[in-house]
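# Observations on the three-dimensional arrangement
So the chains spell out like this:
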Amino acid sequence: MAELQEVQITEEKPLLPGQTPEVAKTHSVETPYGSVTFTVYGTPKPKRPAILTYHDVGLNYKSCFQPLFQFVDMQEIIQNFMRVHVDAPGMEEGAPVFPLGYQYPSLDQLADMIPCILQYLNFSTIIGVGVGAGAYVLSRYALTHPDTVEGLVLINIDPNAKGWMDWAAHKLTGLTSSIPEMILGHLFSQEELSGNSELIQKYRNIITHAPNLENVELYWNSYNNRRDLNFERGSDITLKCPVMLVVGDQAPHEDAVVECNSKLDPTQTSFLKMADSGGQPQLTQPGKLTEAFKYFLQGMGYMASSCMTRLSRSRTASLTSAASLDGNRSRSRTLSQSSESGPLPSGPPGHTMEVSC
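What you see is a predicted model; the values in this text were computed from it and never measured. (Residues numbered from 1 in each chain as written. Predicted model: local features only at pLDDT ≥ 70, side-chain atom pairs only at ≥ 80, totals over all residues. Heavy atoms only, no water.)

## A word on the side chain of Thr39
What counts, and what does not: Secondary structure elements follow DSSP: runs of H or I of four or more residues count as helices, runs of E of two or more count as strands, with numbering from the N terminus. For the purposes of these results, a polar contact is taken to be a pair of N or O atoms within 3.5 Å, where, inside protein, one atom must be able to donate a hydrogen and its partner to accept one; residues adjacent in sequence count only when each atom of the pair is a side-chain atom. Any two residues having at least one pair of non-hydrogen atoms within 4.5 Å are treated as being in contact.
Within the fold, Thr39 resides in strand 3 (residues 34-41). At 3.2 Å, the side chain of Thr39 and the side chain of Thr26 are in polar contact. Those residues in contact with Thr39 that lie beyond four places of it in its chain are Ala24, Lys25, Thr26, Tyr61, Arg83, Val84 and His85.

## Some points on the pattern of salt bridges
Put simply, the rule reads: The salt bridge definition used is simple: a Lys or Arg side-chain nitrogen within 4 Å of an Asp or Glu carboxyl oxygen. Relative accessibility decides the category of a residue: with a 1.4 Å probe and only protein chains considered, values under 20% of the type maximum give buried, values over 50% give exposed, and everything between is partly exposed.
Under the counting rule described, the total for this entry stands at 8 salt bridges. In this structure, Glu93 engages Lys62 in a salt bridge whose closest nitrogen and oxygen atoms are separated by 3.7 Å. On the criterion of sequence distance, the pair formed by Glu93 in the loop between strand 5 (83-87) and helix 3 (107-121) and Lys62 in helix 1 (residues 61-69) is long-range, its members being 31 residues apart. Exposure remark for Glu93: the relative accessible area of 58% places this residue in the exposed category. A salt bridge links Glu76 to Lys294, with the shortest nitrogen-to-oxygen separation between them at 3.1 Å. Of this pair, Glu76 sits in helix 2 (residues 75-78) while Lys294 sits in helix 12 (residues 286-299); the two residues are 218 residues apart in sequence, bridging distant segments of the chain. Taking relative accessible area as the criterion, Glu76 reaches 25% and is therefore assigned partly exposed. Among the residues examined, Lys294 registers a relative accessible area of 5% and is labelled buried.

## Section: the packing of helix 6 (residues 179-187) against helix 8 (residues 198-208)
Counted only if it meets this: Angles run from 0 to 180 degrees between N-to-C directions of axes, and those axes are lines fitted to C-alpha atoms, restricted for helices to the stretch in contact. Roughly parallel means an angle under 35 degrees; roughly antiparallel means over 145; roughly perpendicular covers 65 to 115; every other angle is labelled oblique. Crossings are assigned a handedness: left-handed for a near helix turned anticlockwise from the far helix by less than a right angle, right-handed for a clockwise turn. Polarity classes work like this: nonpolar for Ala, Val, Leu, Ile, Met, Phe, Trp, Tyr, Cys and Pro, charged for Asp, Glu, Lys and Arg, and polar for all others, with Gly in that last group.
Remark: helix 6 packs on helix 8, axes separated minimally by 10 Å, with the N-to-C direction vectors making an angle of 135°. Relative to helix 8, the element helix 6 is oriented oblique. Helix 6 and helix 8 meet at a crossing whose hand is right-handed. From helix 6, Pro180, Glu181, Ile183, Leu184 and Leu187 reach across to helix 8, where they touch Tyr203, Arg204, Ile207 and Thr208. Looking at the contact of helix 6 with helix 8, its residues break down into 6 nonpolar, 1 polar and 2 charged.

## Observations regarding helix 1
Among the residues making up helix 1, those that are buried are Tyr61, Ser63, Cys64, Phe65, Leu68 and Phe69. For helix 1, the N-terminal cap is Asn60; the gap from its side-chain oxygen to the backbone nitrogen of Lys62 is 3.0 Å.

## Focus: the pairing of strand 5
The line we're drawing: Note on pairing: DSSP must find at least two bridges between two strands before they are called paired.
For strand 5, a buried count of 5 out of 5 residues is recorded, marking the element as mostly surrounded by other parts of the structure. Residues Arg83, His85 and Asp87 of strand 5 are buried on one face, and the alternating residues Val84 and Val86, pointing to the opposite face, are buried as well. Across 5 bridges, the pairing between strand 3 and strand 5 is antiparallel. For Thr39, the partnering residue across the bridge sits in strand 5 and is His85.

## Notes on the pairing of strand 3
Each regular strand displays side chains that alternate between the two surfaces of the sheet. Counting buried residues in strand 3 gives 7 out of 8 residues, a clear majority hidden from the surface. Note that strand 2 (residues 23-31) and strand 3 share 8 bridges and pair antiparallel. Looking across to strand 3, one finds that Glu30 is bridged to Ser35. Hairpin geometry of strand 2 and strand 3 is characterised by an intervening segment of 2 residues between the two adjacent antiparallel strands.

## Quick word on the packing of helix 6 against helix 9 (residues 213-224)
Across the interface, helix 6 lies against helix 9 with an axial gap of 11 Å and an inter-helix angle of 50°. When the axis of helix 6 is compared with that of helix 9, the two are oblique. Helix 9 is crossed by helix 6, and the crossing has left-handed handedness. Together, Ile179, Pro180, Met182, Ile183 and His186 of helix 6 and Leu213, Val216, Glu217, Trp220 and Tyr223 of helix 9 make up the contact between the two elements. The residue makeup of the contact of helix 6 with helix 9, split by class, is 8 nonpolar, 1 polar and 1 charged.

Right under this line is the structure:
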């Protein structure tokens, strides 16, 4: 693990009264599959894991996660955890374009880079937060290193390999659409793209004019060549830590996340479907996602005294019981909460929590 580089950066962002600027330390470490860059905020907290993030295709850690981690209510979380933001190879700011013919790592190999990061930081466990391709990478890592993952927040995860019909549709789309347009269709819903909001214009500009677009295409190709994670409820191939699945209502990956939820252990999994959030809830609804993340951490035994806010919209929580004796059927009950009601209840042991907010 030679070839280590470290750059210290002071993050520029709005500060709360009495708050001092965060110092970001950017590191680069060599792995068996090439160099990987990651940025560290905060200092290690005794007996607490680090929060480790992994971004989606077309983005880097800043464009994917900055609105979430700069949200005012998130400050309570980041004061309690060191966090590590991983950039996929070639996605970091200022990354040089890979030479022609470069063999970009598969998503499985990207997951195999994470132990090198943890070894360098001398960290034994993490709570992973991943979006899209990043959610897949963290899931693959959790399958092979379950003892090092205390929890996962997986946004827009598709655990399935592309089938023949998917491949055909992808090839046909590639004949008429550019790489940036295909990636935008992966990130956002068609309704969002048609609406062409300020957010869509911003991210279309980021992706279309990316100086490392050739690298982005390589990451995109690796995502489209992913293997099936083969999750199966009740089998050994499953995530053994607490998991919060998140997807926006009408998001491109809604069906995939719903299917993933059906395959995971219901005693360990909560499912958050967010209304009015589009394809990237961490960008469009950082407040609601922050609150859900706080509940998730509390369920893991952290931040027990955290002050919780109330969502401004009415919410419906469905507590779906664990599978019945035959393992296939389940019972459910629904609790409705208005904005005047108390905070969203944590899912009791042995239940999957489905929340629409």
